[in-house]
Amino acid sequence: MLRHGKAGPSSDEPEDMNRALTVDGRKEIRKVARWMRSKKFGFDVIATSPLTRSHETAEIVARSLGQKDRLAIWDELAPSGDPETLCYHATQYGELATILIIGHEPSLSMLISRIISGSDTASILLAKGGLAKIRNYSFDKRPSGELQWLLLPKQMMEMR
């Protein structure tokens, strides 16, 4: 899971869905994407929220990884999306699929919490441009999996 990069000021207006990444946000996501490429990340699907800032983040990552053909917009990744539908959607690619989910806070932290603990209440914060890896994801009676790591952009840059 990857949280979108830094975007313009937030608002409760309908135009919030059109907020784009800032110049600094694009730079940071490019660095994150290059780090992912250096670690040989590859995905069966790169799923993004339909909101502009997430979609821009997904495009930067997909371009860097040479996987623009793997981009998919999942409406349930929008801030008002249903996490159960999202979890079910992820299973449609098969047990061995690698899926990059790009979205928003607090939805991503709550999703991580739900997968690793069965509840939305674990205290997790995914920073802008932060990346989390969940392994052994399953959706039998409920979503489950193991949080392998959660990194800040700064930590990724220090791990060259």
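Given the structure is predicted, the values throughout are model-derived calculations rather than measurements. (Residues numbered from 1 in each chain as written. Predicted model: local features only at pLDDT ≥ 70, side-chain atom pairs only at ≥ 80, totals over all residues. Heavy atoms only, no water.)

Enquirer: Any chance you could explain the overall build of the protein here in plain terms?
Expert: Along the protein, the regular secondary structure elements total 5 helices and 6 strands. Reading the helices (α) and strands (β) of the protein from amino to carboxyl end gives β-α-β-α-β-α-β-α-β-β-α. On C-alpha atoms alone, the protein measures out to a radius of gyration of 15 Å, which is about the 15 Å that the 2.2 N^0.38 rule sets for 160 residues. Viewed in the frame of its principal axes, the protein has a C-alpha envelope of about 40 × 40 × 30 Å. When the 160 residues of the protein are sorted by exposure, 42% land in the buried category. For the protein, long-range pairs separated by at least 24 residues make up 68% of all intrachain contacts whose partners lie at least 6 apart in sequence. As presented, the protein carries roughly 8500 Å² of accessible surface, and 50% of it is formed by carbon and sulfur atoms. Averaging the coordinates of the 23 positive side-chain charges in the protein and doing the same for the 20 negative ones gives two points 11 Å apart. (Helix = DSSP H or I, 4+ residues; strand = E, 2+ residues; numbered from the N terminus. Rg over C-alpha atoms; globule rule 2.2 N^0.38 Å. Buried < 20%, exposed > 50% of the residue type's maximum accessible area, 1.4 Å probe, protein only. Contact = heavy atoms within 4.5 Å. Areas by Shrake-Rupley, 256 points an atom, 1.4 Å probe, with all protein chains shown as cover. Lys, Arg positive; Asp, Glu negative; His and termini not counted. Charge placed at Lys NZ, Arg CZ, Asp CG, Glu CD.)

Enquirer: What's the story with the layout of surface pockets in this structure? I'm lost.
Expert: Rolled over the atoms, a probe as big as a water molecule pinpoints where empty space is left. The computed volume of the largest pocket comes to approximately 730 Å³. In this structure, the largest pocket is lined by 27 residues; those nearest its centre are Ala97, Thr98, Ile99, Ile134 and Tyr137. Elements that contribute at least two residues to the lining of the largest pocket include exactly helix 3 (83-91), strand 4 (99-103), helix 4 (107-117) and strand 5 (131-139). Here the lining of the largest pocket gets 9 residues from one element, more than from any other, and that element is strand 5. (1 Å grid on protein atoms, 1.4 Å probe; cavity = no way out; pocket = protein on both sides within 12 Å on 5 of 7 lines; lining within 4 Å. Points joined across faces, edges and corners; volume = space filled by probe spheres on them.)

Enquirer: It is not clear to me how the pattern of salt bridges should be interpreted in this structure. Could you clarify?
Expert: Where side chains of opposite charge bring their charged atoms close, a pairing between them can arise. Per the counting criterion, the structure on display carries 5 salt bridges. One salt bridge connects Glu28 with Lys6, and the closest N-O pair in it is separated by 3.6 Å. With Glu28 in helix 1 (residues 23-38) and Lys6 in the loop between strand 1 (2-3) and helix 1, this residue pair connects regions lying 22 residues apart in the sequence. Take Lys6: its relative accessible area is 36%, and that puts it in the partly exposed class. A salt bridge links Arg135 to Glu146; the nearest nitrogen and oxygen atoms lie 3.0 Å apart. Note that Arg135 is positioned in strand 5 and Glu146 in strand 6 (residues 143-151), a separation of 11 residues in sequence. Residue classification places Glu146 among the partly exposed positions, given a relative accessible area of 36%. By sharing partners, the salt bridges in this structure join Glu84, Arg114 and Asp120 into a single network. (Salt bridge = Lys/Arg side-chain N within 4 Å of Asp/Glu carboxyl O.)

Enquirer: How do you make sense of the nonpolar core when you look at a structure like this?
Expert: Counting 20 residues, the largest nonpolar core has Met36, Val61 and Leu100 as the members making the most contacts within it. The set of elements that each furnish at least two residues to this core consists of helix 1, helix 2 (52-65), strand 4 and helix 5 (153-158). Ignoring sequence-local partners within four residues, the contact set of Leu100 consists of Met1, Leu2, Met36, Phe43, Val45, Ile46, Ala47, Val61 and Leu131. Counting 17 residues, the second-largest nonpolar core is a separate cluster that includes Ala47, Cys87, Leu126 and Ala132. (Core = buried A, V, L, I, M, F, W, Y, C linked by side-chain atoms within 4.5 Å.)

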